[in-house]
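Structural overview for review
Listed below, chain by chain, are the residues.
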Amino acid sequence: MATSSGLAPDVQIEGGELERPAKRARLADCVTAASAGSREWAQVISAVQPAIVAIKVTFVVSFEDEQAAVAMGTGFVVDKEMGLILTNRHITGVGPVRAIAIFDRHEELEVEVIYRDPIHDFGFFRYDPSRLRYTEPAEIALEPSGLKVGAEIRVVGNDAGEKLQILSGTVARVDRNVPEFHSVYNDENTFYAGAGASTSGGSSGSPVLSLEGRAVALNAAGTEGAASAFFLPLDRVCYTLACLKRGETVQRGTCQAAFLFRAFDELMKVGLLERHEQQMRAASPTATGMLLVDAVLCEQKLLRPGDILLQLEGEVCLDFVRLESVLDAKVGGTVEMQICRGGEELTLSIAVADLHALIPRRYVELGLDIVHGLGYHAAKKTHLPLDSGVYVARTGYVFESLGCEFGSLITQVNGKPTSSLEAFVKAIQDIPDRQCFPVSWYDLRDFRRDRTMKTGFAKMSRAWSPLKIWRCEAIADVSPNHWTSEELPVPCRPPRLPDLPGRHGLLTGGDRLVRALQASLVTIRFRTDQRFCTEALESGSSEGVGLLVDAKRGLVLTDRHSAPQSLGATEVTLAGCATVDAEVFFIHPQHNIALLRCDPAAMAALQKGKVPLKSARIAGGKKAALRPGEVVHFAGFDSQGNVFSAECKVSAVYLPSGKDEFPPWTVPRFRERNLEIAVLTDTPEDARGGVLCDGRGEVRAFFASFDFQSARREHCSEETTEAFGIPANVFLPMLEVRSLDVEITAVDLATLARGAGKLPQKWMQAVLQRCGQQGQVPRAICVNRVLATGASTGRLRPGDVLLSVAGKTIACALDVEEALLPPKKGAKAAPPEVVIRVLRDQREVLEYVTPSILGSEDDAELVIWAGMVLRRTPRCILERCGPSAARAGGVFVQNLLAGSPAESREMHPHCFLMEMNGVPVRALSDVLQHDQCEKQKAGEKRAPWVRLLLLDMNGQEQVRAVQPDFLFFPTLVLQRSSGMWHCIQKK
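All values reported here derive from a predicted model rather than from experimental measurement. (Residues numbered from 1 in each chain as written. Predicted model: local features only at pLDDT ≥ 70, side-chain atom pairs only at ≥ 80, totals over all residues. Heavy atoms only, no water.)

**Observations concerning the overall build of the protein**
Across its full length, the protein holds 18 helices and 60 strands. Overall, the protein is about 110 × 80 × 50 Å in size when its C-alpha atoms are taken along their principal axes. The 987 residues of the protein split such that 54% are buried. When contacts within the protein are restricted to residue pairs at least 6 apart in sequence, those whose partners lie at least 24 apart make up 66%. Summing over all exposed atoms, the protein offers an accessible surface of approximately 43000 Å²; the carbon and sulfur share of this is 50%. Seen as two clouds, the 111 positive and the 120 negative side-chain charges of the protein have centres 7 Å apart. (Helix = DSSP H or I, 4+ residues; strand = E, 2+ residues; numbered from the N terminus. Buried < 20%, exposed > 50% of the residue type's maximum accessible area, 1.4 Å probe, protein only. Contact = heavy atoms within 4.5 Å. Areas by Shrake-Rupley, 256 points an atom, 1.4 Å probe, with all protein chains shown as cover. Lys, Arg positive; Asp, Glu negative; His and termini not counted. Charge placed at Lys NZ, Arg CZ, Asp CG, Glu CD.)

Next comes the structure, spelled out in structure tokens:
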């Protein structure tokens, strides 16, 4: 009796147990004679459809040229009893992966990699057949002999991301050489078949079916922009499958040479003798060509490109099937090859190496860098020995510091050759944190154009992650791949301080201002990993200029372009001759200002070494402000790092209020507001940054770099950096900031008078006087935005004209900040509330607001859970949300790590984490508490699924389920203490 769901009910049997209902075969959804091509094909596809699965694979770690990511592919069951699924090697990956197979009835099962072929583009997943509940078990038989020219075929799989697509074609040729890919991996020593099947992304791993319902080939690749599809023959697949079924190790041998098939006429041109062709045709009347050595590894000293294979082990060898059969049977031994080299016959005894041993199965993780040994395919592509160095699969915090990119080959570290992964670990494990060390490397991605060795200095970073060695314990049999890690101890010794040049590093030439200020001007370099950019540019790196304001304490004033966040590495070059580490000590919550503190030990060494450092003299009183028309002197750096000075004139000092001036970012981050900037008439060409000072070197403004994004236009979101002056009266009172939590704008007084009616006379006179002094059109200060959760919510409104704050008449943006300054020492304490007089709806209104007291706008803690980078909800996000900010949570998803469980579940960053399994999340500590509870429940098993309630910045709720991966993505806490960031892994 059928239930309403269409499924047979469970049947009660003796003993009280439930018997699972029998599974009935069904016709494939939407498979008709029209879609399949004929009624016969429709029946074939309906029969095999339960065996074809969509595979969602997550490459959790970058490996060779596979970057950590989520991809879709296809596979098909070849043994329903053992649960073996055949697919492509580029779907199984080379490094660690997590994958699920989606069966016919949309059942999802976890699958494990049990075999990856070292050369050919195929591999096997395994699933647990007992866990299939509704899909009828089925398998597709393999028939390599069915791949013939003219055969009608169907490619059935997950084409272009669709669950099931049927593509028809006719086999055009079966003796095509391997297709060339612009990647590290490339197949070799096999034929490929070709057909016009128009396959695309997602169809990789699909079965190429014959009318008998058997797989005659494996879909592997296609030509972009054309209908050509390339199929892998199944000869080595059948050999491997037979070994797996018997539980035997799959032997794969290589003579460290890649062969190609060439026609007899072509071979005649490179030395083949006529009698050789006659001998081959006599042995095989259908033969059309022979095998030719195309490329060899550096370790192969006997074979050469151009050698023609005549005999193998005393028998004629005309195809790849026999070549590989012999090599696989002789692993660890030798084979006898008879070749023709330039018309001369030679007999060689060639050693057969184990192919599995030439593929990297271990990697090292350090400071977010991923490094593994040089594999067979990379060595062949670049023609370098296998012991040339170690391969950088992903650049992180260490090797990115010297400009090394992924795909590089590191040959030396700290003066020691890195011929193997063990040698690399031995060379690097004793280097202390923040120590610079020399590195030599090749850029393999650009190797054909530039084969020169590059050298540079990398900086060790152990705060992000410990030095770990990962190993895959699987062998080439039916057992699943299992990865384990070993963490190496951290050296305790401090980094070595560099030798100091003393006073000899200072310039003795140049003009008077340069000589006076060079001991106070510094250059700054900031770096962070792109995955942990909270306020930095998308590249994660920036360079800028700073001003030494306290030489004794090592305090440096700079902008938020040069030091956007504390999570990263900040280096300060003082007096042009000494570079020291620094911490981001304070980030102004409202303006483009930051304060750095140099390493005390390094500063003490500089002072002891008599490096001349001098605190800058900053103007006070009226000279702390700039006026249009004033002549000032620029002193700073050009793009080459040279110090120079130039006389300039102040063009304007104004509050940017246009829609193209500091508009909101596409990805929310800090943007300048409520600041009157100074613009120069004749900004020095190629000026990188510096100060504006008088003729005696007294600093009147800091010439800062401002980051902003062009106003939103279609297909346009360019990041721009431009320099403006920040007057000294803005950054003098800095460490405690009081704010009304509003954004203000300037409105022309003439425009305001037309719409607002009669304006207060006293206030209007103050505005006219102030703007007249600045040479500006008279403007009023109006409220533009009110932070939804800020101090002025419910009191001030957009459009309010600020007349006075705490009794101070408001004629410019700086007046608001000065009115909110705390009272000076000894003065009478001010009440917590301030009285604000505004013009609203043509009448004056009094409002009482308690200002917010803001500290440094920077993170002190980040949590990485299931690949989500979580932070305390920052102020810039709340400003962006508008009215929906009242619903915003206290935990914000800043980013997703590539290859993580969060990315595999199609989550998106820039949203609020509201609940975990129905429990509210208000702070980062709630996430850690929930994580600890789930780990106790899981024990040694895989973590349970967690239901997440998310809220985007538009106020729309979303629900996602995520399964944490405690092996590759453990819960990490990045904490800042004593000015340093530390990474703590939660057990």
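On we go.
**As for the sheet that holds strand β13 (residues 215–222)**
With respect to topology, six strands assemble into a closed barrel ordered β9-β10-β11-β14-β13-β12, the strand pairing being antiparallel. Each neighbouring strand pair of the sheet contributes to a mean axis angle of 45°, computed without reference to strand direction. In terms of strand pairing, strand β9 (residues 152–157) meets strand β12 (residues 207–209) through two bridges, oriented antiparallel. Directly across from V155, in β12, lies its bridge partner V208. Helix-sheet contacts for helix α2 (residues 39–48) involve β9, β10 (165–176) and β12, and the interaxial angle to β9 is about 40°. (Pairing = 2+ DSSP bridges. Axes fitted to C-alpha atoms, helices over the stretch in contact; angles between N-to-C directions.)

**What about the packing of helix α4 (residues 235–246) against helix α7 (residues 320–329)?**
Two measures define how a pair of helices packs: the angle their axes make with one another and the distance between the axes. Across the interface, α4 lies against α7 with an axial gap of 10 Å and an inter-helix angle of 30°. Classified by the interaxial angle, the pair formed by α4 and α7 is roughly parallel. Within the contact between the two elements, α4 uses D235, R236 and Y239 and α7 uses V321, E324, S325 and D328. (Parallel < 35°, antiparallel > 145°, perpendicular 65-115°, else oblique.)

**Some remarks on the sheet that holds strand β8 (residues 123–126)**
Spatial ordering of the closed barrel is given by β3-β4-β5-β8-β7-β6, a layout of six strands whose pairing is antiparallel. Strand-to-strand, the axes of this sheet are offset by a mean angle of 40°, without reference to chain direction. With four bridges joining them, strand β6 (residues 97–102) and strand β7 (residues 108–116) adopt antiparallel strand pairing. What sits directly across from I100, in β7, is E110. In the packing of α4 onto the sheet, contacts are made with β4 (69–79), β5 (84–87), β7 and β8, and the angle to β8 comes to roughly 35°.

**Section: the packing of aromatic side chains**
Given two aromatic rings, one states the distance between the centres and the angle between the planes to describe the pair. Here the structure, examined in full by the defined rule, presents 19 aromatic pairs. Measuring from ring centre to ring centre gives 5.4 Å for F634 and F644, while their planes differ by 50°; the resulting arrangement is tilted. One end of the pair, F634, is in strand β38 (residues 631–638); the other, F644, is in strand β39 (residues 643–654), and 10 residues separate them in sequence. Ring geometry for F662 versus F724: centroids 6.3 Å apart, planes at 90°, classification edge-to-face. (Phe/Tyr/Trp six-rings, centres within 6.5 Å; stacked < 30°, edge-to-face > 60°.)

**A short note on the pattern of salt bridges**
Going through the model one piece at a time under the given rule, you end up with 54 salt bridges. Here K56 and E906 are joined by a salt bridge, their closest N and O atoms 3.9 Å apart. Of this pair, K56 sits in strand β3 (residues 52–59) while E906 is found in the loop between α17 (901–904) and β55 (911–916), placing the two residues 850 residues apart along the sequence. By relative accessible area, K56 is classed as buried at 15%. Note that R840 is salt-bridged to E847, the shortest N-O span being 3.2 Å. Exposure remark for R840: the relative accessible area of 8% places this residue in the buried category. Under the relative-accessibility criterion, E847 is labelled buried at 15%. (Salt bridge = Lys/Arg side-chain N within 4 Å of Asp/Glu carboxyl O.)

**Focus: the nonpolar core**
In this structure, I85, L86, F103 and F124 are the most contacted members of the largest nonpolar core, which totals 50 residues. Formed by 41 residues, the second largest nonpolar core is a distinct cluster that contains V184, L355, Y376 and F968. (Core = buried A, V, L, I, M, F, W, Y, C linked by side-chain atoms within 4.5 Å.)

**Examining the environment of N186**
Locating N186 in the fold gives a position in the loop between β10 and β11 (192–196). Counting along the chain gives 480 residues from N186 to T666, while the straight-line C-alpha distance between them is 40 Å. Residues within four places of N186 in sequence aside, it is in contact with V178, P179, E180, F181, H377 and K380. Side-chain polar atoms of N186 contact the backbone oxygen of P179, separated by 3.2 Å. (Polar contact = N/O pair within 3.5 Å; in protein donor to acceptor, adjacent residues only side chain to side chain.)

**A few points about the environment of G222**
Inspection of the secondary structure puts G222 in strand β13. Separated by 43 residues in sequence, G222 and P179 have C-alpha atoms that sit 8.9 Å apart.

**Quick word on the state of the cysteines**
For the structure shown, the criterion picks out zero disulfides. Of all cysteine sulfurs in the structure, the one in C255 sits closest to C298, which takes part in no disulfide; the separation is 15 Å. (Disulfide = S-S within 2.5 Å.)

**Some points on the confidence of the model for the protein**
Predicted confidence across the protein gives a mean pLDDT of 87, with 91% of residues reaching 70 or more. Within the protein, strand β1 (residues 11–12) has the poorest average pLDDT of any element, 34, and β5 the best, 97. Per-residue pLDDT stays below 50 along residues 1–28; that stretch engages in 33 contacts with residues further than four places along the chain or on separate chains. (pLDDT = per-residue confidence, 0-100.)

**Remarks on the side chain of Q894**
Among the structural elements, Q894 can be located in strand β54 (residues 891–896). For Q894, a relative accessible area of 6% puts it in the buried group. A distance of 3.4 Å separates a polar atom in the side chain of Q894 from the backbone oxygen of C533. If we ignore the near neighbours within four places in the chain, the residues touching Q894 are C533, T534, V869, R871, P909 and H910.

**Some points on helix α14 (residues 761–774)**
Counted at 1.5 Å a residue, the expected span for α14 with its 14 residues is 20 Å, and the 20 Å between its end C-alpha atoms agrees. The inward-facing, buried residues of α14 abut β39, α13 (749–756), β46 (779–786), β47 (801–805) and β48 (808–809). (Expected span 1.5 Å × (residues − 1).)

**Quick look at the UniProt feature "domain: PDZ-like" (unreviewed entry) in the protein**
The positions that UniProt labels "domain: PDZ-like" (unreviewed entry) are, in the present scheme, residues 358–434. Taken end to end, residues 358–434 has its terminal C-alpha atoms 34 Å apart, with 19% of it in helix and 30% in strand. (UniProt positions renumbered as here; feature names shortened; annotations may be inferred.)

**Quick notes on the pairing of strand β35 (residues 569–574)**
Counting buried positions along β35 gives five out of six residues, so the element sits mostly inside the fold. Here strand β32 (residues 521–527) runs beside β35; their pairing, made up of six bridges, is antiparallel. Pairing of T523 across the sheet is with T573, part of β35. Summarising the sheet, β35 and strand β36 (residues 578–587) pair through five bridges and their orientation is antiparallel.

**Some thoughts on the side chain of T190**
Residue position: T190 is located in the loop between β10 and β11. Not counting residues within four places of it along the chain, the set of residues in contact with T190 comprises H120, R176, V178, L232, P233 and F320.

**Looking at the pairing of strand β23 (residues 362–366)**
Of all five residues making up β23, four are buried, and the element is well covered by its neighbours. Sheet topology places β23 next to strand β30 (residues 468–472); four bridges connect them, and they run antiparallel. Residue Y363 lies in a different strand from β30, and its bridge partner there is W470. Where β23 meets strand β24 (residues 369–373), four bridges bridge the pair, whose relative direction is antiparallel. Bridge pairing in β24 places Y363 opposite H372. What sits between β23 and β24 in their antiparallel hairpin is a turn of two residues, with G367 showing a positive phi close to 55°.

**Let's talk about helix α9 (residues 421–428)**
Residues of α9 that are buried: L421, F424, V425, A427 and I428. What you see down the axis of α9 is that its buried residues fit within an arc of 165°, all on one side. (Arc of directions from axis to C-beta.)

**Concerning unusual backbone geometry**
One non-glycine residue, A575, lies in the positive phi region at around 55°. For A575, the location among the structural elements is in the loop between β35 and β36. The class for A575 is buried, based on a relative accessible area of 5%. One non-glycine residue with positive phi stands out, namely D841, at about 55°. Take D841: it is sitting in the loop between β49 (834–840) and β50 (843–849).

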